[in-house]
Structures are given as structure tokens and as C-alpha cells.
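Understanding the architecture of this molecule
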Amino acid sequence: MNRNNDFLMPGGDGLFWTQESDLRACLEHAHKVTASDIYFKTGRPVTARVHGRLVRLTTRRLDHEHVQAVTNHLYGGDNGEAELRQGKPLDNAYAFPVGRFESLRYRWCATGVVAERGFGISIVLRELAGIPPALDQADVGPVLMDALFPDDGLVLVCGETGAGKSTLLAGVIRHKAEDPEADCHIVAFEAPVEYVYHGVKTESCEIDQSAVPDHLNSFAAGIRNALRRDPDIILVGESRDAETIKASVLAAQTGHAVYTTVHANSVGTTFLRLIQTLPPESAMQYIGAIIDSIRVIICQRLLPDTAGKRVAVREYLVFDQALRLELMRTASRNLAEVPAVATRLVHAHGRTKSKHAQQLADAGRLEQRYVDALKAEESYEARSIGGSSEEAQHASV
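Residues numbered from 1 in each chain as written. Predicted model: local features only at pLDDT ≥ 70, side-chain atom pairs only at ≥ 80, totals over all residues. Heavy atoms only, no water.

**Description of the packing of aromatic side chains**
In the structure shown here, the tally under the stated rule is three aromatic pairs. Ring centres 5.8 Å apart and planes at 45° place the aromatic pair Tyr-94 and Phe-96 in the tilted group. Residues Tyr-94 and Phe-96 agree in their burial class; the two are buried. Here Phe-271 and Phe-319 contribute two aromatic rings whose centre-to-centre distance is 6.3 Å and whose plane-to-plane angle is 65°, an arrangement assigned as edge-to-face. Here the residue Phe-271 occupies a position in helix α9 (residues 267–277), and Phe-319 occupies one in the loop between β13 (310–318) and α11 (321–333), the gap between them amounting to 48 residues. Of the two residues examined, Phe-271 and Phe-319, each falls in the buried class. Here the guanidinium or amino end of Arg-60 rests over the ring plane of Phe-16, the centre of that ring lying 5.1 Å away. (Phe/Tyr/Trp six-rings, centres within 6.5 Å; stacked < 30°, edge-to-face > 60°. Buried < 20%, exposed > 50% of the residue type's maximum accessible area, 1.4 Å probe, protein only. Helix = DSSP H or I, 4+ residues; strand = E, 2+ residues; numbered from the N terminus. Lys NZ or Arg CZ within 6 Å of the ring centre and 35° of its normal.)

Printed below as a string of C-alpha cells:
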């Protein structure tokens, strides 16, 4: 489809954006064309991201007054621009009804930027989906499906921003919730809450969701709170600091299944990120606890498929006691070697993204060029963290 013409909003070029109904009509149109993100910027047409592609919703460039009006609608007042001019980005949620039983929900962020005539505003809205999609068991595969539901320990879902981490975790929670014999109390802390489970039919689960910082100040505070609430599963939106990592490990060591995300592109760089996040004086202590608690690491990326949408390409390593012992020995010998050894273990005992991509390419779902690019990326990464793709083939436990 043509990105400049096929997604245009009917009548969009005639809007002056002074009425909130103009903004809502645009967002409804964006929803209809399955946009995940919508961009308003001084001096630019309204743009959206559809299955990874940036497409035009209007051809007319927005005047600063147009974007200022959109800012005020989202902010709920007339002083949004004043806040932005003082260097304070605005970040909040926005929702409105589109029917008797349905509403559209967004997380938005407005920031002051340089425009052609001076000060401008850039706004990005991300739609927060309603009921999460069901977990595609055939797509996930039997090995990973078995590993996704441990009785305790850490499940790490990794990837860059927009890689579908939250969607995968929401599918896991929905799958558990729909099990009529789950007998599970799930406590989730997210920033923001992207998926809600009110529409999920569950007979044996209770799901509590809290937003950070609206309901609790931090993820670490949420985990401490969860431990007083008889949880079976704790979902932590992101482990991005040492306090959250330590709290997650403690929860996992006390008999809970803890699901969390890390911004890392591979199993090896996940360990690298965790080591770099921990204080040097306690890194050895906590990396040992992390290794002991880990049950599976999944690293995901979304790539354009041959149908014009996007497909998840996943690397994973399921940890048994032998693999954990191998990493423990490595950590006790030289902590810096852990990422390289983890990389070799993925090649020997898990699945790399390039291997998964090749399976998708063989099935006609992905172009071969993406497979080749992933192979080159993995080779470079292995060398950069102390290993090599050839050595990885000979890893043993």
C-alpha cells in the first residue's frame, strides 16, 4: 500500500483541531487503519506507524496553532505549551468512549522541539490495546510454551522498545487466566498499563494491575507490596535499575514466578545489561542469585513479513540446572565472561534469532535478507562480547 495516499483520513486536511472532536476523529481513523503510534508535530503532516511503516494520515502540514490545540486537548488545560517552553515534557494517559461499551486508550508524550520558525511541539501517542491477543501456541512452539509457565523463578522477556515484549507477556497472562484450573493470583505492575483483562473469561484466576507511578512509586515498591498479597505470579513491567532487579530476584527466590522485561537484544547482552546495572561491589552476589533464579530468557524482535505485517523473531534459552551450574562456574571464575558463555550456550542448547528467522523464511513468511542480516549481527555481537559464532557451535556443559 502507498504510504502517502492509502491511509489518509477523509477530510483530515480540512481540520483546524480547535475542537476535541477533531482529535478524537483522527484517533478513531488511526485505530481503523491499525496504527500503533500517531505523531503530531509543528510543520509536519499527521503521521502514524502501521505494522512498522510510517504513513501519512494527512497531507497538510500542521501549523503550530494546530499542534498547540491538540496539546491542550490532551493536557486538559490551556497552559500545556507554557510547561513545554519551560523544558518540562508532558506525559500522561488519554481515553475517550467510541461506543456504549468501548473506549480508546492512549499513552502520550509531548516535547518541545526546534521548528522551522522557532519553538515547536512534537506529540507521540501510543494506543493502549484492550483485551490482549491470545497466545499463538503454534507460533511460540512447544519447547518455549513448556518453559513459559514455571512454578517459580525469573522469566525475562527482552528486546528493544516496540519489540512486542508487553504483547507477549500479556498473552502469557491471558493464557494462564483462561486455564480453568490455574488457581492463580497474578499481581502486575506496569508503566503504563497497556492491556487490561476485564474482558478475559477466567474461572480460577484473580488479576490485580497497578500503574507506576500512579498507584505505587516504583517497580521495586510494587514487588515489595506484592509479597504481602499472596501472589503466585508477579509481573514487573521493566527491570531497569538495581533496586528492581534485586527485588525481582528476592521474589523469585521466595517461591514466586516473576515475569519482567529487560532492554537487551540477545541472551548474552541481557547478562551484560544486568551486570552493568548492578553496583560493582555487589554484582557478583546478585548475578549468582539471578543465574540461580532464571528459568528462561526470550529476546524478541519484530520484522516485516511477506504479508505486509510484522512477525516476531525470537531467540531463547531455557535454563536447567546444568546450564545454571555452567554459568555459576563462569561467574565465580570471571564475571566478565558470563555474557560470552551465555551466548555460546544459546547456540548449543537454545535457539538464535537467525535460526528462527530461517525457519520463517523457509515457510515463506520472511525474506531471506533478514536472515542474512541477523546472522551477521550475531557474529559481530559474539566477537564483541568475547566469543565467536564458531566457538558457539562447540559449547558444552
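**Quick look at the sheet that holds strand β7 (residues 153–158)**
The strand order across the open sheet formed by seven strands is β9-β8-β10-β11-β7-β12-β13, and the pairing between neighbours is mixed. One side of each edge strand has no neighbouring strand; the edge strands of this open sheet are β9 (205–211) and β13. In this sheet, neighbouring strand axes are inclined to one another by 15° on average, regardless of whether the strands run parallel or antiparallel. In this sheet, strand β12 (residues 294–304) lies alongside β7 in parallel orientation, the contact comprising five bridges. Bridging across to β12, Leu-154 finds its partner in Ile-294. Of the strands in this sheet, β7 and β12 are in contact with helix α10 (residues 283–293), which crosses β12 at around 80°. (Pairing = 2+ DSSP bridges. Axes fitted to C-alpha atoms, helices over the stretch in contact; angles between N-to-C directions. Contact = heavy atoms within 4.5 Å.)

**Some points on the sheet that holds strand β5 (residues 103–115)**
Judged by pairing direction, the sheet is antiparallel, and its six strands sit side by side in the order β3-β2-β1-β6-β5-β4 without closing on themselves. At either end of the open sheet lies a strand with only one pairing partner, and these are β3 (53–56) and β4 (90–97). Strand after strand, the sheet turns through a mean of 25° between neighbouring axes, direction not considered. Sheet topology places strand β2 (residues 47–50) next to β3; four bridges connect them, and they run antiparallel. Within β3, the position partnered with Ala-48 by the bridge is Val-55. Strands in contact with helix α1 (residues 20–32) are β1 (35–41), β4, β5 and β6 (118–128); relative to β4, the strand with the most contacts, it is inclined by about 85°.

**Looking at the confidence of the model for the protein**
Scored by pLDDT, the protein has a mean of 92; 97% of the residues are at 70 or more. Segment residues 387–397: pLDDT under 50, and 23 contacts once partners within four positions in sequence are set aside and those in other chains are kept. (pLDDT = per-residue confidence, 0-100.)

**Some thoughts on the pattern of salt bridges**
Across all of its chains, the model carries 15 salt bridges by this definition. Between Glu-81 and Arg-85 there is a salt bridge; the shortest N-O distance is 2.8 Å. Of this pair, Glu-81 and Arg-85 both sit in helix α3 (residues 80–85), four residues apart, which is roughly one turn of that helix. Exposure remark for Glu-81: the relative accessible area of 9% places this residue in the buried category. Here Arg-85 falls in the exposed class, since its relative accessible area comes to 51%. Of the charged contacts, one joins Glu-238 and Arg-240 as a salt bridge, the two residues approaching to 3.5 Å between their closest N and O atoms. Of the residues examined, Glu-238 reaches a relative accessible area of 16% and is grouped as buried. One salt-bridge network, held together by shared partners, links Asp-139, Arg-314 and Arg-365. (Salt bridge = Lys/Arg side-chain N within 4 Å of Asp/Glu carboxyl O.)

**Looking at helix α8 (residues 242–253)**
In a regular helix each residue adds 1.5 Å, so 12 residues correspond to 16 Å; α8 covers 16 Å between its end C-alpha atoms and thus fits that length. Turning to α8, the residues buried within the fold contact β7, α7 (219–226), β10 (233–236), β11 (257–262), α9 and α10. You can read the cap of α8 off the contacts: a side-chain oxygen lies 3.2 Å from the backbone nitrogen of Glu-243, and it is on Asp-241. (Expected span 1.5 Å × (residues − 1). Polar contact = N/O pair within 3.5 Å; in protein donor to acceptor, adjacent residues only side chain to side chain.)

**Brief notes about the nonpolar core**
If you look at the biggest cluster of nonpolar residues, it comprises 46 residues, and the most contacted ones within it are Phe-271, Ile-290, Ile-297 and Leu-327. Here the element with the most residues in this core is α8; it accounts for six residues. Not counting residues within four places of it along the chain, the set of residues in contact with Ile-297 comprises Leu-156, Cys-158, Val-267, Thr-270, Phe-271, Glu-315, Tyr-316, Leu-317 and Phe-319. Among the nonpolar cores identified, the runner-up in size contains 33 residues, and Leu-23, Ala-69, Phe-96 and Tyr-106 belong to it. (Core = buried A, V, L, I, M, F, W, Y, C linked by side-chain atoms within 4.5 Å.)

**Regarding the side chain of Thr-58**
Among the structural elements, Thr-58 can be located in the loop between β3 and α2 (64–75). Accessibility expressed as a relative area gives 2% for Thr-58, which makes it buried. One polar contact links the side chain of Thr-58 to the main-chain amide nitrogen of Val-46, over a distance of 3.0 Å. Among the polar contacts listed, one links the side chain of Thr-58 to the backbone oxygen of Arg-60, at a separation of 3.2 Å. If sequence neighbours within four positions are ignored, Thr-58 has contacts with Leu-8, Gly-12, Asp-13, Pro-45 and Val-46.

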